[in-house]
Amino acid sequence: MESCPVLTDDATRMADRVEAFLADRSSESVLGPRRFGRTPTVEYVVGTARSMGLRVWTDAEPVEHPDVIVLDHWSELDSHREVVDSNPDADVLFGQDLCHQVPAVVRLRR
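Everything numeric here is computed off the predicted structure, so don't read it as measured data. (Residues numbered from 1 in each chain as written. Predicted model: local features only at pLDDT ≥ 70, side-chain atom pairs only at ≥ 80, totals over all residues. Heavy atoms only, no water.)

Caption draft 1: Molecular detail of the nonpolar core. Counting residues in hydrophobic clusters, the biggest one holds 14 residues, and the most contacted among them are Leu22, Val45, Val70, Leu93 and Val105. For this core, the elements supplying multiple residues, two or more each, are helix 1 (11-23), helix 2 (38-51) and strand 3 (68-71). Grouped together as the second largest cluster of nonpolar side chains are eleven residues, Leu71, Leu77, Val83 and Ala90 included. (Core = buried A, V, L, I, M, F, W, Y, C linked by side-chain atoms within 4.5 Å. Buried < 20%, exposed > 50% of the residue type's maximum accessible area, 1.4 Å probe, protein only. Helix = DSSP H or I, 4+ residues; strand = E, 2+ residues; numbered from the N terminus.)

Rendered as structure tokens:
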């Protein structure tokens, strides 16, 4: 019996998709590779955003006047409401675990 084919997600495709997601604020989310993990996917988006010259706020590295606020998980939205509300022009992104072990980074719609 032949197993289901696995969709490979090479680094170039991932970089292109994340850059497109960050550049187009109308897009809802970007998916990470299956079994990659939510936190590594969020960290990849943070690194890509910084490489694009965006000012990125994270818990580990808060900045003044961020272009992007990135939270590891959607459950952190309530505890970070002050930073989100005090930066109304910032793009707010958060990690989410989808079914079948697929991580995503999702854009908050205000």
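Caption draft 2: Geometry of the pairing of strand 4 (residues 91-98). Relative to strand 4, strand 3 runs parallel, the two sharing four bridges. Bridge pairing links Ile69 to Val92 in strand 4. Here strand 4 pairs with strand 5 (residues 102-107) via six bridges, running antiparallel. Residue Leu93 lies in a different strand from strand 5, and its bridge partner there is Arg107. Connecting strand 4 to the next strand, strand 5, in antiparallel fashion are three residues, including His100 with a positive phi near 60 degrees. (Pairing = 2+ DSSP bridges.)

Caption draft 3: Looking closely at the sheet that holds strand 3. Taken in spatial order, the five strands line up as 1-5-4-3-2 in an open sheet, and their pairing is mixed. Unpaired on one side and paired on the other, strand 1 (29-31) and strand 2 (56-57) mark the two borders of the sheet.

What is shown is where atoms sit, not what they do.
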